[in-house]
Amino acid sequence: MTTADRKPRVFSGIQPTSDSFHLGNYLGALRQWVAMQDTTDALYCVVDQHAITVDHDPKVLHERSRVSAAQLLALGLDPERCTLFVQSQVPEHTMLAWILGSETGFGEASRMTQFKDKSAKQERTTVGLFTYPILMAADILLYRTDQVPVGEDQRQHLELTRDLAIRFNGTFGETFTVPEPYIVKETATIKDLAEPEKKMSKSSTSPRGCLYLLDEPNQMRKKIKSAVTDSEAEVRFDPERKPGVSNLMNIYTALGNTTVEKLEAEYAGRGYGDFKGDLADVVADTLGPVALRTKEILADKAELDRILTMGAEKARHLASRTIAKTYKKIGFYPPVAL
(Lines give C-alpha, C1' and ligand atoms only; values in the text may rest on other atoms or scores of the structure.)
Protein backbone atom coordinates (compact mmCIF):
# COMPACT_ATOMS: atom_id res chain seq x y z
CA MET A 1 0.00 0.00 0.00
CA THR A 2 1.40 3.39 -0.96
CA THR A 3 1.39 6.42 1.33
CA ALA A 4 -1.32 7.93 -0.84
CA ASP A 5 -3.51 4.83 -0.48
CA ARG A 6 -3.30 4.31 3.28
CA LYS A 7 -5.68 5.82 5.78
CA PRO A 8 -4.40 8.90 7.62
CA ARG A 9 -2.94 8.00 10.99
CA VAL A 10 -4.60 9.65 14.00
CA PHE A 11 -3.39 9.73 17.60
CA SER A 12 -5.31 10.85 20.67
CA GLY A 13 -5.06 10.26 24.40
CA ILE A 14 -7.06 10.75 27.57
CA GLN A 15 -5.92 10.96 31.19
CA PRO A 16 -7.09 8.47 33.84
CA THR A 17 -7.56 11.16 36.46
CA SER A 18 -11.09 10.26 37.51
CA ASP A 19 -13.05 7.14 38.43
CA SER A 20 -15.25 7.74 35.38
CA PHE A 21 -15.32 9.81 32.23
CA HIS A 22 -18.13 12.35 32.08
CA LEU A 23 -20.66 13.42 29.47
CA GLY A 24 -18.46 16.28 28.28
CA ASN A 25 -15.63 13.83 27.55
CA TYR A 26 -17.99 11.61 25.60
CA LEU A 27 -19.62 14.27 23.45
CA GLY A 28 -16.49 16.37 23.02
CA ALA A 29 -14.06 13.59 22.06
CA LEU A 30 -14.82 9.94 22.77
CA ARG A 31 -17.83 9.63 20.48
CA GLN A 32 -15.65 10.94 17.65
CA TRP A 33 -12.94 8.42 18.53
CA VAL A 34 -15.38 5.61 17.83
CA ALA A 35 -16.38 7.07 14.46
CA MET A 36 -12.77 7.68 13.40
CA GLN A 37 -11.97 3.96 13.56
CA ASP A 38 -13.66 3.56 10.18
CA THR A 39 -11.88 6.36 8.35
CA THR A 40 -8.40 6.49 9.93
CA ASP A 41 -5.56 4.35 11.24
CA ALA A 42 -6.35 5.28 14.83
CA LEU A 43 -4.14 4.97 17.91
CA TYR A 44 -5.80 5.72 21.26
CA CYS A 45 -3.88 5.94 24.50
CA VAL A 46 -4.65 6.11 28.22
CA VAL A 47 -1.98 8.67 29.08
CA ASP A 48 -1.09 7.64 32.63
CA GLN A 49 2.35 9.29 32.45
CA HIS A 50 0.67 12.66 32.03
CA ALA A 51 -1.41 11.90 35.12
CA ILE A 52 1.59 11.87 37.50
CA THR A 53 2.42 15.55 36.96
CA VAL A 54 0.24 16.16 40.04
CA ASP A 55 0.04 14.32 43.36
CA HIS A 56 -1.53 10.88 43.00
CA ASP A 57 -2.07 7.54 44.72
CA PRO A 58 -0.30 4.75 42.75
CA LYS A 59 -3.00 2.14 43.43
CA VAL A 60 -5.75 4.56 42.42
CA LEU A 61 -3.90 5.52 39.24
CA HIS A 62 -3.43 1.88 38.24
CA GLU A 63 -7.10 1.09 38.80
CA ARG A 64 -8.27 4.22 37.00
CA SER A 65 -6.13 3.30 33.98
CA ARG A 66 -7.90 -0.08 33.81
CA VAL A 67 -11.33 1.50 34.25
CA SER A 68 -10.54 4.12 31.59
CA ALA A 69 -9.56 1.44 29.09
CA ALA A 70 -12.69 -0.58 29.92
CA GLN A 71 -14.90 2.47 29.34
CA LEU A 72 -13.28 3.12 25.96
CA LEU A 73 -14.00 -0.46 24.93
CA ALA A 74 -17.56 -0.19 26.26
CA LEU A 75 -18.13 2.95 24.20
CA GLY A 76 -17.22 1.10 21.02
CA LEU A 77 -13.47 1.09 20.50
CA ASP A 78 -12.60 -2.16 18.72
CA PRO A 79 -9.06 -3.59 19.13
CA GLU A 80 -9.38 -5.00 15.60
CA ARG A 81 -10.09 -1.53 14.15
CA CYS A 82 -7.82 0.65 16.29
CA THR A 83 -4.78 0.43 18.55
CA LEU A 84 -5.66 0.91 22.23
CA PHE A 85 -2.92 0.91 24.86
CA VAL A 86 -1.65 2.45 28.08
CA GLN A 87 1.12 5.04 27.66
CA SER A 88 3.49 3.68 30.32
CA GLN A 89 3.64 0.31 28.53
CA VAL A 90 5.51 1.98 25.66
CA PRO A 91 8.78 3.42 27.06
CA GLU A 92 9.58 5.10 23.75
CA HIS A 93 7.26 7.95 24.76
CA THR A 94 9.64 9.18 27.44
CA MET A 95 12.71 8.34 25.33
CA LEU A 96 11.53 10.72 22.62
CA ALA A 97 10.32 13.32 25.13
CA TRP A 98 13.88 13.78 26.44
CA ILE A 99 15.19 14.41 22.92
CA LEU A 100 12.40 16.86 22.12
CA GLY A 101 12.90 18.60 25.46
CA SER A 102 16.49 19.20 24.48
CA GLU A 103 15.26 20.94 21.34
CA THR A 104 12.67 23.12 23.14
CA GLY A 105 13.50 26.62 24.32
CA PHE A 106 12.72 27.50 27.94
CA GLY A 107 10.81 30.59 26.86
CA GLU A 108 8.90 28.52 24.32
CA ALA A 109 7.77 26.09 27.01
CA SER A 110 7.00 28.93 29.42
CA ARG A 111 4.41 30.36 27.04
CA MET A 112 2.13 27.34 27.32
CA THR A 113 -1.08 28.72 28.80
CA GLN A 114 -2.25 25.42 30.31
CA PHE A 115 0.87 25.30 32.51
CA LYS A 116 0.09 28.78 33.79
CA ASP A 117 -3.52 27.84 34.49
CA LYS A 118 -2.79 24.51 36.18
CA SER A 119 0.21 25.68 38.21
CA ALA A 120 -1.86 28.56 39.61
CA LYS A 121 -4.28 26.00 41.10
CA GLN A 122 -1.63 23.87 42.83
CA GLU A 123 0.49 24.32 45.91
CA ARG A 124 3.37 22.36 44.38
CA THR A 125 4.32 22.79 40.71
CA THR A 126 6.46 20.04 39.21
CA VAL A 127 8.94 20.05 36.35
CA GLY A 128 6.76 17.32 34.83
CA LEU A 129 3.82 19.71 34.65
CA PHE A 130 6.07 22.27 32.96
CA THR A 131 7.30 19.76 30.35
CA TYR A 132 3.86 18.16 29.89
CA PRO A 133 3.46 19.62 26.36
CA ILE A 134 6.79 18.13 25.31
CA LEU A 135 5.68 14.65 26.34
CA MET A 136 2.47 15.31 24.45
CA ALA A 137 4.53 16.20 21.37
CA ALA A 138 6.44 12.94 21.78
CA ASP A 139 3.15 11.01 22.01
CA ILE A 140 2.14 12.41 18.64
CA LEU A 141 5.43 12.39 16.72
CA LEU A 142 6.35 8.89 17.86
CA TYR A 143 3.74 7.38 15.53
CA ARG A 144 4.30 9.58 12.47
CA THR A 145 0.82 10.90 13.11
CA ASP A 146 -0.93 12.68 10.24
CA GLN A 147 -3.82 14.21 12.16
CA VAL A 148 -4.60 15.00 15.79
CA PRO A 149 -8.14 15.66 17.09
CA VAL A 150 -7.80 18.78 19.22
CA GLY A 151 -10.11 21.08 21.09
CA GLU A 152 -9.35 24.75 21.49
CA ASP A 153 -7.57 24.13 24.81
CA GLN A 154 -5.05 21.82 23.12
CA ARG A 155 -4.43 23.82 19.95
CA GLN A 156 -1.37 25.56 21.41
CA HIS A 157 0.20 22.21 22.28
CA LEU A 158 -0.30 20.95 18.74
CA GLU A 159 1.39 24.07 17.40
CA LEU A 160 4.39 23.33 19.64
CA THR A 161 4.42 19.77 18.31
CA ARG A 162 4.45 21.02 14.74
CA ASP A 163 7.22 23.52 15.51
CA LEU A 164 9.38 20.83 17.11
CA ALA A 165 8.88 18.44 14.18
CA ILE A 166 9.78 21.12 11.64
CA ARG A 167 12.80 22.24 13.69
CA PHE A 168 14.13 18.71 14.17
CA ASN A 169 13.64 17.84 10.50
CA GLY A 170 15.41 21.02 9.47
CA THR A 171 18.37 20.40 11.79
CA PHE A 172 18.87 16.65 11.56
CA GLY A 173 17.09 15.63 8.37
CA GLU A 174 13.61 14.35 7.58
CA THR A 175 12.45 12.31 10.59
CA PHE A 176 8.96 13.27 11.79
CA THR A 177 5.63 13.73 10.07
CA VAL A 178 4.32 17.24 10.75
CA PRO A 179 0.78 16.62 12.08
CA GLU A 180 -2.30 18.57 11.12
CA PRO A 181 -5.33 19.23 13.33
CA TYR A 182 -8.21 16.83 12.77
CA ILE A 183 -11.38 18.88 12.45
CA VAL A 184 -14.29 16.95 13.93
CA LYS A 185 -17.93 17.90 13.68
CA GLU A 186 -18.41 20.80 16.03
CA THR A 187 -20.33 20.01 19.20
CA ALA A 188 -21.53 22.39 21.84
CA THR A 189 -19.47 22.55 25.04
CA ILE A 190 -21.37 20.74 27.77
CA LYS A 191 -21.76 22.83 30.90
CA ASP A 192 -21.98 21.97 34.58
CA LEU A 193 -25.52 20.99 35.55
CA ALA A 194 -25.36 22.94 38.80
CA GLU A 195 -23.31 25.89 37.53
CA PRO A 196 -24.14 26.22 33.82
CA GLU A 197 -21.75 29.12 33.33
CA LYS A 198 -18.87 26.64 33.82
CA LYS A 199 -17.65 23.79 31.63
CA MET A 200 -18.60 20.30 32.90
CA SER A 201 -15.60 18.93 34.76
CA LYS A 202 -14.66 16.25 37.27
CA SER A 203 -13.62 19.12 39.56
CA SER A 204 -17.20 20.38 39.78
CA THR A 205 -17.90 22.04 43.13
CA SER A 206 -21.26 20.26 43.35
CA PRO A 207 -21.63 16.45 43.14
CA ARG A 208 -24.74 16.91 40.99
CA GLY A 209 -23.00 19.15 38.49
CA CYS A 210 -21.10 16.46 36.59
CA LEU A 211 -22.81 13.60 34.76
CA TYR A 212 -20.50 10.56 34.80
CA LEU A 213 -20.70 7.73 32.30
CA LEU A 214 -20.55 5.20 35.13
CA ASP A 215 -23.36 6.77 37.16
CA GLU A 216 -26.29 4.46 37.82
CA PRO A 217 -29.28 5.26 35.58
CA ASN A 218 -31.27 6.59 38.54
CA GLN A 219 -28.35 8.85 39.46
CA MET A 220 -28.33 10.21 35.91
CA ARG A 221 -32.06 10.88 36.03
CA LYS A 222 -31.79 12.59 39.40
CA LYS A 223 -28.99 14.88 38.22
CA ILE A 224 -30.90 15.89 35.08
CA LYS A 225 -34.11 16.54 36.99
CA SER A 226 -32.31 18.67 39.57
CA ALA A 227 -30.24 20.62 37.00
CA VAL A 228 -30.31 24.39 37.40
CA THR A 229 -32.68 26.19 35.03
CA ASP A 230 -34.48 29.50 35.68
CA SER A 231 -37.85 30.86 36.81
CA GLU A 232 -39.40 31.31 33.36
CA ALA A 233 -40.48 27.68 32.80
CA GLU A 234 -40.06 28.18 29.04
CA VAL A 235 -38.03 25.70 26.98
CA ARG A 236 -36.20 28.18 24.79
CA PHE A 237 -32.61 28.24 23.55
CA ASP A 238 -30.85 31.36 24.80
CA PRO A 239 -27.34 30.63 26.15
CA GLU A 240 -26.88 34.15 27.49
CA ARG A 241 -30.18 34.58 29.36
CA LYS A 242 -31.06 30.90 29.92
CA PRO A 243 -27.71 29.04 30.24
CA GLY A 244 -29.11 26.13 32.26
CA VAL A 245 -31.98 25.31 29.89
CA SER A 246 -29.78 25.88 26.84
CA ASN A 247 -27.21 23.44 28.22
CA LEU A 248 -29.89 20.78 28.72
CA MET A 249 -31.13 21.40 25.17
CA ASN A 250 -27.59 20.90 23.87
CA ILE A 251 -27.42 17.58 25.69
CA TYR A 252 -30.81 16.57 24.29
CA THR A 253 -29.87 17.41 20.69
CA ALA A 254 -26.55 15.58 21.02
CA LEU A 255 -28.05 12.36 22.42
CA GLY A 256 -31.63 12.44 21.17
CA ASN A 257 -31.18 12.93 17.41
CA THR A 258 -33.26 16.11 17.41
CA THR A 259 -32.82 19.86 16.97
CA VAL A 260 -33.25 22.94 19.11
CA GLU A 261 -36.15 24.07 16.93
CA LYS A 262 -37.99 20.76 17.38
CA LEU A 263 -37.49 20.86 21.15
CA GLU A 264 -38.83 24.39 21.40
CA ALA A 265 -41.92 23.38 19.42
CA GLU A 266 -42.45 20.09 21.26
CA TYR A 267 -42.27 21.59 24.75
CA ALA A 268 -43.99 24.88 24.08
CA GLY A 269 -46.26 25.61 27.03
CA ARG A 270 -45.32 22.39 28.85
CA GLY A 271 -42.74 23.71 31.31
CA TYR A 272 -39.54 22.16 32.56
CA GLY A 273 -40.95 19.09 34.29
CA ASP A 274 -41.86 17.17 31.11
CA PHE A 275 -38.72 18.38 29.35
CA LYS A 276 -36.36 17.26 32.11
CA GLY A 277 -38.18 13.96 32.58
CA ASP A 278 -37.88 13.07 28.90
CA LEU A 279 -34.24 14.17 28.75
CA ALA A 280 -33.46 12.11 31.85
CA ASP A 281 -34.79 9.02 30.05
CA VAL A 282 -32.73 9.79 26.93
CA VAL A 283 -29.56 10.18 28.98
CA ALA A 284 -30.15 7.03 31.04
CA ASP A 285 -31.09 4.95 27.99
CA THR A 286 -28.00 6.12 26.09
CA LEU A 287 -25.38 5.93 28.82
CA GLY A 288 -26.80 3.19 31.05
CA PRO A 289 -25.60 0.38 28.73
CA VAL A 290 -22.09 1.87 28.75
CA ALA A 291 -21.88 1.47 32.51
CA LEU A 292 -23.15 -2.13 32.34
CA ARG A 293 -20.72 -3.05 29.55
CA THR A 294 -17.82 -1.46 31.46
CA LYS A 295 -18.57 -3.65 34.47
CA GLU A 296 -18.62 -6.74 32.24
CA ILE A 297 -15.24 -5.86 30.74
CA LEU A 298 -13.70 -5.16 34.16
CA ALA A 299 -14.95 -8.53 35.40
CA ASP A 300 -12.55 -10.30 33.02
CA LYS A 301 -9.22 -8.75 34.02
CA ALA A 302 -7.16 -11.25 32.01
CA GLU A 303 -8.95 -10.42 28.76
CA LEU A 304 -8.68 -6.68 29.36
CA ASP A 305 -4.96 -7.01 30.05
CA ARG A 306 -4.58 -9.14 26.92
CA ILE A 307 -6.22 -6.43 24.80
CA LEU A 308 -4.01 -3.71 26.29
CA THR A 309 -0.85 -5.79 25.89
CA MET A 310 -1.75 -6.48 22.27
CA GLY A 311 -2.28 -2.77 21.70
CA ALA A 312 1.01 -1.88 23.41
CA GLU A 313 2.86 -4.38 21.23
CA LYS A 314 1.38 -2.85 18.08
CA ALA A 315 2.24 0.63 19.32
CA ARG A 316 5.80 -0.36 20.23
CA HIS A 317 6.33 -1.83 16.77
CA LEU A 318 5.67 1.62 15.31
CA ALA A 319 7.37 3.55 18.12
CA SER A 320 10.59 1.55 18.04
CA ARG A 321 11.09 2.33 14.35
CA THR A 322 10.73 6.07 15.03
CA ILE A 323 13.12 5.89 17.99
CA ALA A 324 15.73 3.95 16.00
CA LYS A 325 15.61 6.57 13.26
CA THR A 326 15.69 9.46 15.73
CA TYR A 327 18.61 8.00 17.71
CA LYS A 328 20.62 7.61 14.52
CA LYS A 329 19.88 11.18 13.46
CA ILE A 330 20.77 12.63 16.87
CA GLY A 331 24.03 10.68 17.18
CA PHE A 332 23.04 8.18 19.87
CA TYR A 333 23.96 4.52 20.00
CA PRO A 334 20.96 2.39 18.98
CA PRO A 335 18.76 1.04 21.81
CA VAL A 336 19.58 -2.53 22.86
CA ALA A 337 16.73 -4.97 22.36
CA LEU A 338 15.76 -6.87 25.52
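From a predicted model like this one, the values you see are computed outputs, not experimental measurements.

Brief notes about the overall build of the protein
Tallying secondary structure elements over the protein gives twelve helices and five strands in all. The C-alpha radius of gyration computed for the protein amounts to 22 Å, which stays within 12% of the reference 20 Å derived for 338 residues, consistent with globular compactness. Dimensions of the protein, computed from C-alpha atoms along their principal axes, come out at roughly 70 × 45 × 45 Å. Counting all 338 residues of the protein, 49% fall into the buried class. When the accessible surface of the protein is split by element, carbon and sulfur atoms take 53% of a total near 16,800 Å².

Considering the pairing of strand β1 (residues 9–14)
Of all six residues in β1, five are buried; the element is thus mostly enclosed. In terms of strand pairing, β1 meets strand β2 (residues 41–46) through six bridges, oriented parallel. In the sheet register, Ser-12 faces β2, and the bridge partner there is Tyr-44. Once the chain exits β1 it traverses helix α1 (residues 23–36) before rejoining the sheet at β2, and the crossover so formed is right-handed.

Quick word on the UniProt feature "binding site: L-tryptophan" (unreviewed entry) in the protein
Under the present numbering, the feature "binding site: L-tryptophan" (unreviewed entry) in UniProt falls on Asp-139. On the secondary structure map, Asp-139 appears in helix α6 (residues 127–141). Relative accessible area serves as the criterion here: at 2%, Asp-139 is assigned to the buried category. Residue contacts for Asp-139: discarding those within four places in its chain leaves Phe-11, Val-47, His-50, Gln-87 and His-93.

Remarks on the pattern of salt bridges
Enumeration according to the criterion identifies 22 salt bridges in this entry. Here Asp-41 makes a salt bridge to Arg-9, at a shortest N to O gap of 3.0 Å. Residue Asp-41 is located in strand β2, and its partner Arg-9 is located in strand β1; the two are separated by 32 residues in the primary sequence. Since its relative accessible area comes to 13%, Arg-9 is described here as buried. Within the structure, one salt-bridge network assembled from shared partners comprises Asp-230, Glu-232, Glu-234, Arg-236, Asp-238, Arg-241 and Lys-242.

Here we look at the side chain of Lys-242
Topologically, Lys-242 is positioned in the loop between α8 (217–225) and α9 (243–256). When neighbours within four sequence positions are excluded, Lys-242 is seen to be in contact with Asp-230, Glu-232, Glu-234, Arg-236 and Tyr-272.

Describing the side chain of Thr-175
As for its position among the elements, Thr-175 is in the loop between α7 (155–172) and β5 (180–182). The contacts of Thr-175, once residues within four sequence positions are left out, are Arg-144, Phe-168, Asn-169, Lys-325, Thr-326 and Lys-329.

Looking at the packing of α6 against α7
Where α6 contacts α7, the axes come no closer than 9 Å and their chain directions differ by 65°. By the angle between their axes, α6 is roughly perpendicular relative to α7. Taken as a pair, α6 and α7 cross one another with a handedness that is right-handed. Contacts between α6 and α7 involve Tyr-132, Pro-133, Met-136, Ala-137, Ile-140 and Leu-141 from the first element and His-157, Leu-158, Leu-160, Thr-161, Leu-164 and Ala-165 from the second. Classifying every residue of the contact of α6 with α7 gives ten nonpolar, two polar and no charged.

Focus on the nonpolar core
Counting residues in each nonpolar core, the largest one holds 55 residues, and the members touching the most others are Leu-23, Tyr-26, Leu-72, Ile-251 and Val-283. Residue contributions to this core peak at nine residues, all from helix α11 (residues 271–299). Split by domain, this core shows at least three residues from each of two domains, domain 1 (9–187 + 300–330) and domain 2 (217–296). In this structure Val-283 touches Leu-211, Met-220, Ile-224, Ile-251, Leu-255 and Gly-288, once residues within four positions along its chain are discounted. If you look at the next biggest cluster of nonpolar residues, it comprises 35 residues, including Phe-85, Met-136, Ile-140 and Leu-318.

Points about the environment of Thr-259
Within the element layout of this structure, Thr-259 appears in the loop between α9 and α10 (260–266). Overall, the relative accessible area of 32% leaves Thr-259 in the partly exposed class. Placed 40 residues apart in sequence, Thr-259 and Gln-219 show a C-alpha to C-alpha distance of 25 Å.

Topic: the packing of aromatic side chains
On inspection of all chains with the given rule, the structure shows ten aromatic pairs. Ring plane angle 50° and centroid distance 6.3 Å describe the contact between Tyr-252 and Tyr-267, whose orientation is recorded as tilted. In this pair, Tyr-252 sits in helix α9 while Tyr-267 sits in the loop between α10 and α11, placing the two residues 15 residues apart along the sequence. A single burial state applies to Tyr-252 and to Tyr-267, both of which are buried. Between the aromatic rings of Tyr-327 and Phe-332, the centroid separation amounts to 5.0 Å while the plane-to-plane angle is 90°, which identifies the pairing as edge-to-face.

Some remarks on the domain arrangement of the protein
Partitioning the protein into structural domains gives domain 1 (9–187 + 300–330) and domain 2 (217–296). The gap between the C-alpha centroids of domain 1 and domain 2 is 32 Å. Contacts between domain 1 and domain 2 engage nine residues on the former and eight residues on the latter. If you look at where domain 1 meets domain 2, you find zero salt bridges. Here domain 1 is connected to domain 2 by one residue pair in polar contact (both at pLDDT 80 or more). Listed by contribution, the elements that provide at least two residues to the side of domain 1 that touches domain 2 are α1 and α2 (58–75). Its residues placed into classes, the side of domain 1 that touches domain 2 shows six nonpolar, one polar and two charged.

What counts and what doesn't
- Residues numbered from 1 in each chain as written.
- Predicted model: local features only at pLDDT ≥ 70, side-chain atom pairs only at ≥ 80, totals over all residues.
- Heavy atoms only, no water.
- Helix = DSSP H or I, 4+ residues; strand = E, 2+ residues; numbered from the N terminus.
- Rg over C-alpha atoms; globule rule 2.2 N^0.38 Å.
- Buried < 20%, exposed > 50% of the residue type's maximum accessible area, 1.4 Å probe, protein only.
- Areas by Shrake-Rupley, 256 points an atom, 1.4 Å probe, with all protein chains shown as cover.
- Pairing = 2+ DSSP bridges.
- Right-handed = clockwise from strand over helix to strand, strands pointing away.
- UniProt positions renumbered as here; feature names shortened; annotations may be inferred.
- Contact = heavy atoms within 4.5 Å.
- Salt bridge = Lys/Arg side-chain N within 4 Å of Asp/Glu carboxyl O.
- Axes fitted to C-alpha atoms, helices over the stretch in contact; angles between N-to-C directions.
- Parallel < 35°, antiparallel > 145°, perpendicular 65-115°, else oblique.
- Left-handed = near helix turned anticlockwise from the far one by under 90°.
- Nonpolar A, V, L, I, M, F, W, Y, C, P; charged D, E, K, R; others polar.
- Core = buried A, V, L, I, M, F, W, Y, C linked by side-chain atoms within 4.5 Å.
- Domains from an automatic or database assignment.
- Phe/Tyr/Trp six-rings, centres within 6.5 Å; stacked < 30°, edge-to-face > 60°.
- Polar contact = N/O pair within 3.5 Å; in protein donor to acceptor, adjacent residues only side chain to side chain.

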